[in-house]
Amino acid sequence: MVVKGRKTYQVNKVADDWIYPASFDFVEMYEGILLASDTLRSLGLNITLHAYDIESDTIEITNLIKSGKLSDMDLINWSGLFT
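Draft legend 1. Highlighting the overall build of the chain. When helices and strands are tallied, the chain shows 2 helices and 2 strands. Each helix and strand of the chain, placed in order from N terminus to C terminus, yields the pattern β-β-α-α. Expressed as a percentage of its 83 residues, the buried residues of the chain come to 5%.

Draft legend 2. Up close: the packing of aromatic side chains. Overall, the coordinates contain 2 aromatic pairs when judged by the stated rule. Ring geometry for W18 and Y20: centres 6.4 Å apart, planes at 65°, overall edge-to-face. On the numbers, 5.8 Å between centres and 10° between planes, the contact of F26 with Y30 is stacked. Highlighted residues: F26 and Y30, both in helix α1 (residues 24–42), separated by 4 residues, approximately one helical turn.

Draft legend 3. Main features of the confidence of the model for the chain. On average, residues of the chain carry a pLDDT of 80, and 83% of them reach 70 or more. Looking at the elements of the chain, mean pLDDT is at its lowest for strand β1 (residues 2–3), recorded as 56, and at its highest for α1, recorded as 89.

Draft legend 4. Just the side chain of S37, in detail. Take S37: it is sitting in helix α1. On the accessibility criterion, S37 (4% relative accessible area) is buried. Excluding its chain neighbours within four sequence positions, the residues that come into contact with S37 are I47 and L49.

What counts and how
Residues numbered from 1 in each chain as written. Predicted model: local features only at pLDDT ≥ 70, side-chain atom pairs only at ≥ 80, totals over all residues. Heavy atoms only, no water. Helix = DSSP H or I, 4+ residues; strand = E, 2+ residues; numbered from the N terminus. Buried < 20%, exposed > 50% of the residue type's maximum accessible area, 1.4 Å probe, protein only. Phe/Tyr/Trp six-rings, centres within 6.5 Å; stacked < 30°, edge-to-face > 60°. pLDDT = per-residue confidence, 0-100. Contact = heavy atoms within 4.5 Å.

Okay, here's the thing in structure tokens:
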């Protein structure tokens, strides 16, 4: 909204448990991953999860790979899962 040449912002109040509808698929997948990792830990496996928000941007993926953060990790590629 613009009033007299300057921007004004309106704060929208939402419930604490509100989730953006487009995020439901990811949240459900992530909950499943957490449950599976908990089960694997209970069986004695050592599980460490790392989540990176790459914003569906190939430059972000490239930067993450080049950063070396993934060099000692076993990876599962979820690309295209929700497209």
